[in-house]
Amino acid sequence: MVSEQTAIIGLGLIGSSLGLALRRRSPGTTVVGYDIDTAITRQAERTGAITHAVGSIQEACRGSDTVILAPPVNAILALLRQLAPHLEPDTVVTDTGGTKAEIVTMAEAAFGESSSVAFVGGHPLAGRLRSGVSQPDTELFEGSIYCLTPTPLTPAWGVERAADLIETIGAQPYFVSATEHDALLAAVSHLPYFSAVALVRALTAQSGWSEMGSLAAGGFRTASSLVDGSPAVWADVAATNSGPLRTQLDQLIATLTELRELISSGDGRLTDVLNEAHTARRAWMESRGETQPSDPSPEAPRRFPFFRR
């Protein structure tokens, strides 16, 4: 089913790119946009990411059969508390938050078992290191994995319409529970960011950083590049996925401790450990048909057994 009117609340890179993709691939859909920052809203209008802007959440919901929440996670949680009175019947509500368990729990509390509103949590595994709306991209989601986290309470019609939306923008729906999503992403998305933060802090806090920095080149640039992500977004991720993230940090600390001991003792097994890591990464890259580094994502799209296309 093609949406007649889609509202996008939050017009940063992801929200604006969604708007561009929808307007290009579904030209019959009206895309209305709202952002608390009026300058961002105006820029989204200039780039053509939205058909027109509105001045409030209430206006965004009026007449919309699909509502996409695309600000940071904590803002999504706040919006879910406000939306219910303003939604039209038979509306699909989805989001783009990087963690899912708290959002899904909040949505179920906000909408209850309403048969007229379907919430389907979402998370596009596509994006860039830098935040902002300055370079929205119509093709940002092309060929990417887009997680959807319906629950047994989610109406089947809502699941189908959310999947249609994802396929319309060129992405592949990947169905996963909210808790499994958060556990997987803690490993392959959240841990790499916080590892990069630790690296930058460990080096820049040293008295010799000035000299180090003059010699830092591709290796440091590549390893530290994730730190360019929005600190506010990543603080929200940590706050809403602290358990799985702590588990992954503990695993990393244990591995670093093992490496330190091998280096300290001059143990010849260090070469074996390095070779194992080298081989494992190459195997992962080959399994994806890739030869260049890219952001990790779960293995292959899957659908709930109860949902048939």
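Quantities reported herein were computed from a predicted structural model and do not represent experimental measurements. (Residues numbered from 1 in each chain as written. Predicted model: local features only at pLDDT ≥ 70, side-chain atom pairs only at ≥ 80, totals over all residues. Heavy atoms only, no water.)

Side note on the overall build of the chain
Check the secondary structure of the chain and you find 12 helices and 8 strands. Rg of the C-alpha trace for the chain: 21 Å, near the compact-globule value of 19 Å for 309 residues, within the 12% margin. For the chain, the C-alpha atoms occupy an extent of roughly 70 × 45 × 35 Å along the three principal directions. Sequence separation of at least 24 residues holds for 75% of the intrachain contacts in the chain that already meet a minimum separation of 6. Surface summary for the chain: the accessible area is close to 15,500 Å², and the carbon and sulfur share equals 55%. (Helix = DSSP H or I, 4+ residues; strand = E, 2+ residues; numbered from the N terminus. Rg over C-alpha atoms; globule rule 2.2 N^0.38 Å. Contact = heavy atoms within 4.5 Å. Areas by Shrake-Rupley, 256 points an atom, 1.4 Å probe, with all protein chains shown as cover.)

Examining the nonpolar core
Counting 28 residues, the largest nonpolar core has Ile 8, Leu 18, Phe 141, Tyr 146, Leu 148 and Ile 169 as its most contacted members. The set of elements that each furnish at least two residues to this core consists of α1 (13-25), β7 (145-149) and α6 (156-168). Top contributing element to this core by residue count: α1, with 6 residues. If you look at the next biggest cluster of nonpolar residues, it comprises 25 residues, including Ala 60, Ile 76, Leu 80 and Ala 107. (Core = buried A, V, L, I, M, F, W, Y, C linked by side-chain atoms within 4.5 Å. Buried < 20%, exposed > 50% of the residue type's maximum accessible area, 1.4 Å probe, protein only.)

Notes on the sheet that holds strand β8 (residues 172-175)
Picture the strands of a sheet paired through backbone hydrogen bonds; they go either parallel or antiparallel. An order of β3-β2-β1-β4-β5-β6-β7-β8 is seen for the 8 strands of this open sheet, with the pairing classed as mixed. The sheet is open, and its two edges are formed by β3 (52-53) and β8, each paired on a single side. As paired strands, strand β5 (residues 91-95) and strand β6 (residues 117-124) are joined by 4 bridges and run parallel to one another. Within β6, the position partnered with Thr 91 by the bridge is Val 117. (Pairing = 2+ DSSP bridges.)

Some details on the packing of helix α4 (residues 73-83) against helix α5 (residues 101-111)
At a minimum axis distance of 9 Å, the contact between α4 and α5 shows a crossing angle of 10°. Here α4 is positioned roughly parallel relative to α5, judged by the angle of their axes. Here Val 73, Ile 76, Leu 77, Leu 80, Arg 81 and Leu 83 of α4 come into contact with α5, specifically with Glu 102, Ile 103, Met 106, Ala 107, Ala 110 and Phe 111. Its residues placed into classes, the contact of α4 with α5 shows 10 nonpolar, no polar and 2 charged. (Axes fitted to C-alpha atoms, helices over the stretch in contact; angles between N-to-C directions. Parallel < 35°, antiparallel > 145°, perpendicular 65-115°, else oblique. Nonpolar A, V, L, I, M, F, W, Y, C, P; charged D, E, K, R; others polar.)

So, a negative patch on the surface
Negative charge collects at one region of the surface, where Glu 258, Glu 261, Asp 272 and Glu 276 lie side by side. For the negative patch, the secondary-structure elements that each account for two or more residues are α11 (242-265) and α12 (269-287). Mapping Glu 276 onto the fold places it in helix α12. (Patch = residues over 30% accessible without salt bridge, like charges linked within 9 Å, V, L, I, M, F, W, Y side chains within 5 Å. Salt bridge = Lys/Arg side-chain N within 4 Å of Asp/Glu carboxyl O. Lys, Arg positive; Asp, Glu negative; His and termini not counted. Charge placed at Lys NZ, Arg CZ, Asp CG, Glu CD.)

A look at helix α7 (residues 178-204)
Compared with the 39 Å implied by 1.5 Å per residue over 27 residues, the 36 Å span of α7 between its first and last C-alpha is a close match. The axis of α7 is deflected most strongly, by about 50°, at Ala 186. Taken together, the buried positions of α7 are occupied by Ala 178, His 181, Asp 182, Leu 185, Ala 186, His 190, Leu 191, Tyr 193, Ala 196 and Val 200. Against the buried residues of α7 lie α5, β6, β7, α9 (218-224), α10 (231-240) and α11. (Expected span 1.5 Å × (residues − 1). Bend = angle between axes of the 7 residues up to and from the residue.)

Observations regarding the confidence of the model for the chain
Regions with low pLDDT should not have their predicted coordinates read in detail. Per-residue pLDDT for the chain has a mean of 91; in total, 91% of the residues score no lower than 70. This stretch, residues 129-133, has a pLDDT under 50; its non-local contacts, to residues over four places away or in other chains, come to 16 contacts. Here residues 294-309 is modelled with pLDDT under 50, and outside its nearest four sequence neighbours on either side it reaches 39 contacts, counting other chains as well. (pLDDT = per-residue confidence, 0-100.)

So, the pairing of β6
For β6, a buried count of 8 out of 8 residues is recorded, marking the element as mostly surrounded by other parts of the structure. Bridging between β6 and β7 involves 4 bridges; their strand directions are antiparallel. Paired with Gly 121 across the bridge in β7 is Thr 149.

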